[in-house]
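# Chains, contacts and geometry: an overview
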Amino acid sequence: YYEPRQGFSPFSILKNPMLLMMLVSVGGMVMMPKMMEGLDPDQKEQMQKQMAMQQDPSKMLTQMFQDMTGSGEEAAPPPIEKKASSKAGGKTSRRGKRD
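Residues numbered from 1 in each chain as written. Predicted model: local features only at pLDDT ≥ 70, side-chain atom pairs only at ≥ 80, totals over all residues. Heavy atoms only, no water.

### With respect to the overall build of the protein chain
Helices and strands together make up the secondary structure of the protein chain, namely four helices and zero strands. Overall, the protein chain shows an N-to-C arrangement of helices and strands of α-α-α-α. Split into buried and exposed, the 99 residues of the protein chain put 0% on the buried side. (Helix = DSSP H or I, 4+ residues; strand = E, 2+ residues; numbered from the N terminus. Buried < 20%, exposed > 50% of the residue type's maximum accessible area, 1.4 Å probe, protein only.)

### Observations regarding the packing of helix H3 (residues 41-55) against helix H4 (residues 57-69)
The geometry of H3 relative to H4 is characterised by a closest axis approach of 5 Å and an angle of 125 degrees between their N-to-C directions. On the basis of the axis angle, H3 is oblique to H4. Residue-level contacts link Met53, Gln54 and Gln55 of H3 to Pro57, Lys59, Met60 and Gln63 of H4. Looking at the contact of H3 with H4 residue by residue, the classes come out as three nonpolar, three polar and one charged. (Axes fitted to C-alpha atoms, helices over the stretch in contact; angles between N-to-C directions. Parallel < 35°, antiparallel > 145°, perpendicular 65-115°, else oblique. Contact = heavy atoms within 4.5 Å. Nonpolar A, V, L, I, M, F, W, Y, C, P; charged D, E, K, R; others polar.)

### Section: the pattern of salt bridges
Counted according to the given criterion, the structure contains one salt bridge. A salt bridge links glutamate 45 to lysine 49, with the shortest nitrogen-to-oxygen separation between them at 3.8 Å. Placement of the pair is glutamate 45 and lysine 49 together in helix H3, with a separation of four residues, close to one helical turn. Relative accessible area serves as the criterion here: at 43%, glutamate 45 is assigned to the partly exposed category. (Salt bridge = Lys/Arg side-chain N within 4 Å of Asp/Glu carboxyl O.)

### Here's the deal with the confidence of the model for the protein chain
Of the residues in the protein chain, 74% have a pLDDT of 70 or more, and the chain-wide mean is 79. Considering each helix and strand of the protein chain separately, the mean pLDDT is smallest for H4, with a value of 83, and largest for helix H2 (residues 17-37), with 92. (pLDDT = per-residue confidence, 0-100.)

Here it is, written out as structure tokens:
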């Protein structure tokens, strides 16, 4: 029983998943600058702000949470004053049962 060996086909190389991923990545790298050229000036400015935010993750997360909650426009609420608690050793106005 003998099976003849299959010949070489360039399309067999294109079926390789690793090569397909590489081609998609290279295609994205080539197309991305061309897509950026077609943006409006407002969109370019917004993109540059987002890229600047990505340099500092804390700023990026703060801005993201403000955008989600809508709290970025109004002023911050006044700080809450904390009162001493009985667990912390502070005196309270309540007395025990022995009074």
